[in-house]
Amino acid sequence: LLSLVDTASVGLSAAAGEGAKQLGALGPATTFIDGATYLFAFLNVATTNLYANAVARKEDGSGVVRTAAKIALISGTALTAL
């Protein structure tokens, strides 16, 4: 959905005759960001699974959440640096 909004806004705001060039430049960036988003989606699945297991064993799940938050922060910082 975000890629669609980006493409629409670039396409609509492009100067006459420049739209194809600007949309062509947007393509690789959109592909990279979408791929990174899907790559880091494992954090959601893994954290939910590990937290549910901890709660089922009557343990404190805050360690799982804390670790996932650290990984998310490091991954987000690394992605921003690129």
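Residues numbered from 1 in each chain as written. Predicted model: local features only at pLDDT ≥ 70, side-chain atom pairs only at ≥ 80, totals over all residues. Heavy atoms only, no water.

1. Focus: the pattern of salt bridges
Inference 1: Evaluated as defined, the whole model comprises 2 salt bridges.
Inference 2: Across the salt bridge formed by Glu18 and Lys21, the nearest N and O atoms sit 3.5 Å from each other.
Inference 3: In this structure, the salt-bridge partner of Arg57 is Glu59, at a minimum N-O distance of 3.3 Å. (Salt bridge = Lys/Arg side-chain N within 4 Å of Asp/Glu carboxyl O.)

2. Comments concerning helix 3 (residues 42-56)
Inference 1: Between the first and last C-alpha of helix 3 there are 21 Å, a value that for 15 residues agrees with the 21 Å anticipated at 1.5 Å per step.
Inference 2: Burial in helix 3 covers these residues: Leu43, Thr47 and Ala54. Buried residues of helix 3, seen end-on, are gathered within an arc of 35 degrees and therefore sit on one face of the element. Exposed and facing more than 90 degrees away from the buried side of helix 3 are Asn44, Val45 and Ala56.
Inference 3: Just beyond helix 3, the residue with positive phi is Lys58, at close to 60 degrees. (Helix = DSSP H or I, 4+ residues; strand = E, 2+ residues; numbered from the N terminus. Expected span 1.5 Å × (residues − 1). Buried < 20%, exposed > 50% of the residue type's maximum accessible area, 1.4 Å probe, protein only. Arc of directions from axis to C-beta.)

3. Some words on a nonpolar patch on the surface
Inference 1: There is a patch of nonpolar side chains on the surface, built from Phe32, Ile33 and Leu82 and spanning about 340 Å² of accessible area.
Inference 2: Within the secondary structure, Phe32 is located in helix 2 (residues 19-39). (Patch = residues over 30% accessible without salt bridge, like charges linked within 9 Å, V, L, I, M, F, W, Y side chains within 5 Å. Areas by Shrake-Rupley, 256 points an atom, 1.4 Å probe, with all protein chains shown as cover.)

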